[in-house]
Amino acid sequence: MSALVYESRAHWGQALALALAAHALGVAAFVDWSFGGADEVEAPAETRIEVTGLAVETATLPSAGLTAAQSVAPERLTPAGADGAPLPPVPVAQVAPPVVLTPTAPMATGVASPAEPGGIVGAGGIPAPGTITGTAQSQAVQALIAAIRDRLAEPCLIALPAATPDGAVELTVVGAGDQGIAGFMSAVASRAQGVELLERSVLLDSRQCPALAYARGAASYPVGAITIALAQPVVASGQALRGSVSEQAVLVIVDDNGVVQDLSRFSAVQAGVMAFDVPVHRDGAARDTSQIVMALIGPGIAETVAQNAGRQADHFFAALGPAPGPGVQVAVAAFYLR
């Protein structure tokens, strides 16, 4: 009885051991499955923002030595003409400061009330005979020349007749008093018959009179072998006085304060014609009087002008002489500086 019980107990113990072992295996399998299952769960993907630039293809360049950069002259802008083509620039002899006209002294006494400002577009005498368009025009010009020479005693006054391309005749009278200009114009203009007469008056200051006296002393007055042509008869202060002379000459300006300045450094010769481009500036109040431009050709002229530039007109023209000598040519023009 006791043996059977012991055997039964032994079998029961084995069964219990087997049960425990099986239970242990189940637990181990459960634990292993739990951890294994956790490894197979994917974590949520992380959101990232990336900024990417454009891909740039690069190439390996062969090495080369550095060389100094060459200076390039800046492009010059030139004004265009009526047909759109650029106008040739007017060269000057050198860079120079503007000509300053300084009427520091009051207007000279004895000058009548000034006339309306004017200017001479082209002056210095009548044009070449080939430019006179008809017999009536030619006769009118010759009649004016004779009338002007009959009145050489007029003080501080010159008259410049010219034929125009359209068949008219222009008479410009330059003087220091409007009454004298008007009286001379009235007496002379009646001599031009059969053509249209264009009258123009230019008022000067009496301190400019020596320039007129010198020009009027030429043997050929009022006819001149050279001429001055101005681009504009009126120039604003701070702008440029532009024009040309029919031949290479010494160019001077006689301002309305009577000071003479040499303009040679503002001129250059192009195709036998002397072009000038003069920056002008008025230092002082506006005046009703005009400025005189003169072209001079002759022996010793350049030296005399260089030695006396900057002086008053009376001293300057006294150095040139009482009148143009043999071989000396003179042309006169005037412009108004506003």
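Everything below is about the structure shown above.
Here goes a summary of the coordinates provided. (Residues numbered from 1 in each chain as written. Predicted model: local features only at pLDDT ≥ 70, side-chain atom pairs only at ≥ 80, totals over all residues. Heavy atoms only, no water.)

Some words on the sheet that holds strand β4 (residues 169-175)
How we decide: A pair of strands is labelled paired if DSSP reports no fewer than 2 bridges between them. In DSSP terms, a helix is any run of H or I states spanning at least four residues, a strand is any run of E spanning at least two, and both are numbered starting from the N terminus. Angles here are taken between N-to-C directions and fall from 0 to 180 degrees, while the axes themselves are lines fitted to C-alpha atoms, restricted in helices to the stretch in contact. Contacts: residue pairs with any heavy atoms within 4.5 Å of one another.
Strand order in this open sheet of three strands is β3-β4-β5, and the pairing throughout is mixed. The two strands at the open ends of the sheet, each matched to only one other strand, are β3 (157-163) and β5 (197-203). Direction aside, neighbouring strands of the sheet carry axes that sit 15° apart on average. As judged from the seven bridges shared by β4 and β5, these two strands associate in the parallel manner. Residue pairing in the sheet places V169 in a bridge with L197 of β5. Its contacts with the sheet place helix α3 (residues 178-189) against β3, β4 and β5, and it is angled at close to 160° to β5.

Details of the pattern of salt bridges
This is how the line gets drawn: Salt bridge criterion: a side-chain nitrogen from Lys or Arg within 4 Å of a carboxyl oxygen from Asp or Glu. Think of it in three bands: with a 1.4 Å probe and only protein chains considered, a residue is buried below 20% of the maximum accessible area for its type, exposed above 50%, and partly exposed in between.
Evaluation of the coordinates by the stated rule reveals six salt bridges. Here R191 makes a salt bridge to D150, at a shortest N to O gap of 4.0 Å. Separated by 41 residues along the polypeptide, R191 in the loop between α3 and β5 and D150 in the loop between α2 (135-149) and β3 bring together distant segments of the chain. The class of R191 is partly exposed, set by a relative accessible area of 38%. In this structure, the salt-bridge partner of D205 is R207, at a minimum N-O distance of 2.9 Å.

Comments concerning the nonpolar core
Just so we agree on the cut-off: Residues belong to a common nonpolar core when they are buried Ala, Val, Leu, Ile, Met, Phe, Trp, Tyr or Cys residues joined through side-chain atoms within 4.5 Å.
Judged by nonpolar contacts, the single largest core of 48 residues is most densely connected at Y214, M294 and F317. Looking at this core element by element, the count peaks at six residues for α2. In this structure M294 touches A211, Y214, A215, I228, V250, L251, V252, V254, F317, V330, A331 and V332, once residues within four positions along its chain are discounted. By size, the runner-up hydrophobic cluster in this structure holds 22 residues, among which are I226, A295, A331 and F335.

Here we look at the environment of F266
Looking at where F266 falls in the secondary structure, it is placed in the loop between β10 (260-262) and β11 (267-270). With eleven residues separating them in the primary sequence, F266 and D277 have C-alpha atoms 5.8 Å apart.

A word on the sheet that holds strand β7 (residues 234-235)
Reading across the sheet, the five strands line up as β7-β14-β13-β9-β10 and stay open at both edges, with mixed pairing between neighbours. The open sheet has two free edges, formed respectively by β7 and β10, since each of these has just one partner strand. When strand β13 (residues 291-297) meets strand β14 (residues 329-337), the two strands line up antiparallel, connected through seven bridges. Within the sheet, the bridge partner assigned to V293 lies in β14 and is A333. Strands β9 (250-254), β13 and β14 of the sheet are contacted by helix α4 (residues 209-216), whose axis makes an angle of about 35° with β13.

What about the pairing of strand β12 (residues 273-282)?
Sheet faces and side chains relate simply in a regular strand, where the side chains alternate between the two faces. Among the ten residues that make up β12, seven are buried, leaving the element largely enclosed by the rest of the structure. Inspection of the sheet shows strand β8 (residues 240-245) paired to β12 by six bridges, in the antiparallel sense. Residue pairing for β12: V245 is matched across the bridge by M274. Of the pairings in the sheet, the one linking β11 to β12 comprises four bridges and is antiparallel in character. Paired with V269 across the strands is M274, a residue of β12. Where β11 folds back onto β12 in an antiparallel hairpin, the turn is made up of two residues, including A271, whose phi is positive at roughly 55°.

Things to note about helix α6 (residues 313-320)
Filter applied, for reference: This arc is taken over the directions from the axis of the helix to the C-beta atoms.
Turning to α6, its buried residues number three or more, namely A313, F316, F317 and L320. Buried residues of α6 fall within an arc of 85° about the axis and therefore sit on the same side. Looking at the buried residues of α6, the elements they touch are α4, β9, β10, β13 and α5 (301-308). The positive-phi residue at the C-terminal boundary of α6 is G321, with phi of around 120°.

All we've got here are geometric facts, nothing functional implied.
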